[in-house]
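Residue-level listing of the chains:
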Amino acid sequence: MAGIRQDYLLRQLELLRQFVARLMSRRSDRELEEALLLSFHLQEKLFPVPPADFLRLELADQIAALRQNESPTSAHEKVLTYASLLAETAGLYELKGRGDLADGSRQMALYAALCASLEHRGDEAATGLIEKLTGQLDPEQLHAPVAELLAELRREP
């Protein structure tokens with residue numbers, strides 16, 4: 001059953017990516033709001049706890065909740081899906097003119113992608129997402145937990 005839910009989330013994430021791409025070329029406030037709602041809906045589906053509960057969790061605890069009761073492979077996929085979802089959400093916030101929220105989402109996405117990469121070295125999807133996000137963020141503005149994980153990734157072979 002978890003595999004079916006993961007497939008659904010990945011298909012929906014691809015729809016969100018298409019939505020963001022379309023919004024980049026012709027911005028519509030109504031479509032932008034719809035895309036943000038889809039993003040929040042997908043976050044709700046990804047977590048095994050009610051939205052009110054996961055929103056109160058620190059990011060490290062959110063990652064732990066995603067991994068809970070999952071095989072290592074499934075946990076990795078969920079964390080990477082969450083990172084991708086947060087990265088797409090950042091693009092939506094950017095289109096909305098909310099650079100502060102966009103940067104916050106990017107930092108959260110980077111943290112999740114780094115967690116995924118550190119547990120599965122060599123994952124091209126995680127590596128690509130990390131490169132994309134680090135290129136979009138000012139290294140001087142990284143939050144301490146994100147900077148620590150990035151340094152750990154760069155230290156280890």
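These numbers come from a predicted model, not from an experiment. (Residues numbered from 1 in each chain as written. Predicted model: local features only at pLDDT ≥ 70, side-chain atom pairs only at ≥ 80, totals over all residues. Heavy atoms only, no water.)

Q: Can you tell me about the overall build of the chain, naming the residues and giving the values?
A: The helix and strand inventory of the chain stands at eight helices and zero strands. Start at the N end of the chain and walk to the C end: the helices and strands fall as α-α-α-α-α-α-α-α. Over its C-alpha trace the chain gives a radius of gyration of 15 Å, about what one expects of a compact globule, namely 15 Å for 157 residues. Overall, the chain is about 45 × 40 × 30 Å in size when its C-alpha atoms are taken along their principal axes. When each of the 157 residues of the chain is scored for burial, the buried share is 44%. Once local pairs closer than 6 in sequence are excluded, the contacts in the chain between residues at least 24 apart make up 67%. (Helix = DSSP H or I, 4+ residues; strand = E, 2+ residues; numbered from the N terminus. Rg over C-alpha atoms; globule rule 2.2 N^0.38 Å. Buried < 20%, exposed > 50% of the residue type's maximum accessible area, 1.4 Å probe, protein only. Contact = heavy atoms within 4.5 Å.)

Q: Explain the nonpolar core to me, and be specific about the residues and the numbers.
A: By size, the foremost hydrophobic cluster in this structure holds 46 residues, and its most contacted members are I63, Y82, L110 and L114. Once residues lying within four places of it in the same chain are set aside, the contact partners of L114 are I130, V146, L149, L150 and L153. (Core = buried A, V, L, I, M, F, W, Y, C linked by side-chain atoms within 4.5 Å.)

Q: Lay out the environment of A75 with the relevant residues and their values.
A: Its place among the elements puts A75 in helix 5 (residues 72–95). In contact with A75, not counting residues within four places along its chain, are R67, E70 and E119.

Q: Account for the packing of aromatic side chains, naming residues and giving values.
A: Tallied over the entire structure, the rule returns two aromatic pairs. Relative to Y82, the ring of F47 lies with its centre 5.0 Å away and its plane at 90°, an arrangement referred to as edge-to-face. Taken as a pair, F47 in the loop between helix 2 (29–46) and helix 3 (51–56) and Y82 in helix 5 lie far apart in primary sequence, 35 residues in all. Counting every residue linked through ring pairs, the aromatic cluster contains F47, F54 and Y82. (Phe/Tyr/Trp six-rings, centres within 6.5 Å; stacked < 30°, edge-to-face > 60°.)

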